[in-house]
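Examining the three-dimensional arrangement
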Amino acid sequence: MSTAKLIINDKEFEFPVFEGSEHELAIDVAKLRSATGAIAYDPGYGNTGSCMSSITYIDGDQGILRYRGYPIEQLAEKSTFVEVAYLLINGRLPNADELDKFNKRLIKHVMVHEDIKKLFEAYPPSAHPMAVMSAMAISLSAFHPDLLDPEIIDTNIMRLLAKFKTLAAFCYKKSVGQPYVYPRSDLSYSEDFLHMMFALPTEPYHVNPVVARALDLLLVLHADHEQNCSASTVRMVGSSQANVFASVAAGVNALWGPLHGGANQEVIMMLEEIQHDGGDVQKYVNLAKDKNSKFRLMGFGHRVYKNFDPRAKILAKAADDVLNALHVTDPLLDIARGLEDAALHDDYFVERKLYPNVDFYSGIIYRALGIPTNMFTVMFALGRLPGWIAQWKEMHNDPATRINRPRQIYTGETVRDYTPIDQR
Ligand code: SDX
């Protein structure tokens with residue numbers, strides 16, 4: 001084991017350095033404050049490891065993403081969302097019998113308690129689906145109260161994984177004033193979601209296999225991404241021994257932010273603004289570079305990837321494939337391509353290693369699948385759910401887990417006495 005030396009006020013301290021399975025190095029500062037009296041300061045945690053995890057590996061410089069060691073490119077091409085969910089949550093790919101049993105458990109738990117429909121009725125049609133989905137996730141804990149019984153945790157994980165899809169479709173149906181469509185056991189996960197979203201009582205709805213496959217690909221690509229903002233939130237909340245429903249509800253809220261999962265909705269709104277403004281992509285590239293403007297190129301940049309986000313590469317090709325297969329043209333795709341090309345040839349973006357991320361093309365595909373823009377981040381949450389669950393389960397089962405409680409550097413007033421109001 002190597003060490004790192006730190007000198008504070010001429011006093012030398014040594015801290016252990018350890019290596020991950022991909023040879024990343026970490027300085028173990030768990031005893032930093034007790035040894036030195038000082039804390040490490042890392043706003044945004046860009047240089048801080050919050051945990052050890054065996055779920056997902058990202059190499060941001062090489063543009064590598066692997067779920068439990070399997071390259072995202074192989075899983076995108078060969079796997080399915082349900083199989084990837086099993087992989088993330090259980091740590092290995094299932095055999096045929098295990099996958100069949102997992103599917104059957106998802107089908108068993110896919111219905112929601114009829115009383116949950118009353119919760120939807122309380123929301124105005126204009127409610128943002130992410131607000132509703134966060135409330136529905138935590139509300140599941142009210143219908144399944146054995147929250148931390150070790151015998152029940154696995155069942156609650158399957159309940160959450162199964163019901164979130166139904167709740168998401170119900171959320172959409174409520175927002176458009178259409179009757180809820182109940183799940184069907186004869187359809188695959190993605191087929192069933194599309195059926196619940198778009199079927200109407202007036203005519204039979206046949207799921208287009210191209211659409212179902214494209215949706216499954218999108219869900220696979222969003223399934224986990226190590227310690228991103230929402231996964232860290234799930235771990236943070238779960239570290240107090242809050243149950244999986246409460247922890248995931250917190251993750252839904254974190255994902256909603258436009259700098260995180262909310263970016264996929266922002267990208268489409270940005271592309272529509274550029275389209276309505278005449279399609280001058282260079283104007284918006286220049287705006288994104290202007291420090292005086294609040295404008296950012298949504299769907300560009302990443303805290304970890306300083307190379308292409310491998311998911312964006314896959315989605316850029318899938319956008320063409322899906323639109324061609326559906327005989328759909330979307331002017332926003334041409335604008336996106338122009339924007340990407342302009343940015344990738346601009347020193348500002350090149351110097352800062354700002355590339356398209358997972359959110360840049362996903363919205364184009366969701367549009368082609370008929371998903372409304374305000375549901376895009378719900379689709380991200382649907383995909384990320386098995387990752388959140390896997391992260392929560394790894395944290396919950398780790399005996400070394402302590403409640404997450406960061407420190408701070410206080411910069412406020414030093415001690416002062418209270419003054420009576422007539423003396424202020
Ligand atoms: C996701 O963490 C994950 O893994 C997230 C995610 C997942 O799967 O969970 O991958 C999903 O959230 C993808 C990111 C979606 N968000 C967006 O597309 C929003 C636009 N992107 C940016 O806001 C930004 O790039 C972030 C939030 C993604 C990353 O922010 P950082 O790491 O804090 O970077 P930063 O803001 O410090 O930027 C560094 C520099 C700054 O310029 P300088 O101060 O050096 O001059 O790059 C600039 C920034 O101004 N910059 C951008 C930019 N992103 C960064 N300038 C213009 N447009 C952008 N999009």
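Residues numbered from 1 in each chain as written. Predicted model: local features only at pLDDT ≥ 70, side-chain atom pairs only at ≥ 80, totals over all residues. Heavy atoms only, no water.

Once that is clear, we can look at the overall build of the protein chain. Helix and strand counts for the protein chain stand at 18 helices and six strands. In summary, the protein chain has a C-alpha radius of gyration of 23 Å against a globular reference of 22 Å for 424 residues, a match within 12%. Its C-alpha atoms put the protein chain at 80 × 65 × 55 Å along the principal axes. Pairs at least 24 apart in sequence give 69% of the contacts found in the protein chain among residues at least 6 apart. (Helix = DSSP H or I, 4+ residues; strand = E, 2+ residues; numbered from the N terminus. Rg over C-alpha atoms; globule rule 2.2 N^0.38 Å. Contact = heavy atoms within 4.5 Å.)

Moving on, we come to the sheet that holds strand S3 (residues 25-27). The antiparallel open sheet is built from three strands, whose spatial order is S1-S2-S3. In the strand order of this sheet, the two ends are held by strand S1 (2-8) and S3, each with one partner. The mean angle between the axes of side-by-side strands here comes to 30°, regardless of whether they run parallel or antiparallel. For strand S2 (residues 11-19) and S3, the ladder comprises three bridges, and the chain directions are antiparallel. Paired with Val17 across the bridge in S3 is Ile27. (Pairing = 2+ DSSP bridges. Axes fitted to C-alpha atoms, helices over the stretch in contact; angles between N-to-C directions.)

Moving on: the pairing of strand S5 (residues 64-67). Here S5 shows one buried face, formed by Leu65 and Tyr67, and one open face, formed by Ile64 and Arg66. In this sheet, S5 lies alongside strand S4 (residues 56-59) in antiparallel orientation, the contact comprising four bridges. Note that in S5 the partner of Ile58 across the bridge is Leu65. Two successive antiparallel strands, S5 and strand S6 (residues 70-71), enclose a turn made up of two residues, where Arg68 displays a positive phi of approximately 50°. (Buried < 20%, exposed > 50% of the residue type's maximum accessible area, 1.4 Å probe, protein only.)

This next bit is on the site of the ligand. Inspection of the region around the ligand gives 24 residues, with His225, His302, Arg303, Arg311 and Arg384 positioned closest. At 2.9 Å, a backbone N or O of Phe300 approaches a nitrogen atom of the ligand. Contact with the protein chains covers 77% of the free accessible surface of the ligand, which is 1,100 Å². Class assignment of the residues belonging to the shell around the ligand gives a composition of ten nonpolar, seven polar and seven charged. (Near = heavy atom within 4 Å. Polar contact = N/O pair within 3.5 Å; in protein donor to acceptor, adjacent residues only side chain to side chain. Areas by Shrake-Rupley, 256 points an atom, 1.4 Å probe, with all protein chains shown as cover. Nonpolar A, V, L, I, M, F, W, Y, C, P; charged D, E, K, R; others polar.)

Running from amino to carboxyl end, helix H17 (residues 358-369) crosses helix H18 (residues 376-397) at an angle of 110°, the nearest separation of the two axes being 10 Å. Between H17 and H18, the interaxial angle falls into the category roughly perpendicular. Where H17 abuts H18, its residues Val358, Asp359, Gly363, Tyr366 and Arg367 lie against Phe376, Met379 and Phe380. When the residues that make up the contact of H17 with H18 are grouped by side-chain class, the tally is five nonpolar, one polar and two charged. (Parallel < 35°, antiparallel > 145°, perpendicular 65-115°, else oblique.)

Moving on to the domain arrangement of the protein chain. Once the domains are mapped, the protein chain shows domain 1 (3-59) and domain 2 (263-368). For domain 1 and domain 2, the distance between their C-alpha centroids amounts to 35 Å. (Domains from an automatic or database assignment.)

We now examine the pattern of salt bridges. In total, this model carries 19 salt bridges according to the counting rule given. Of the charged contacts in the structure, one is a salt bridge between Asp186 and Arg184, with a shortest N-O distance of 2.6 Å. Owing to a relative accessible area of 51%, Asp186 belongs among the exposed residues under this scheme. Taken together, the salt bridges that share partners define one network made up of Glu272, Asp330 and Arg367. (Salt bridge = Lys/Arg side-chain N within 4 Å of Asp/Glu carboxyl O.)

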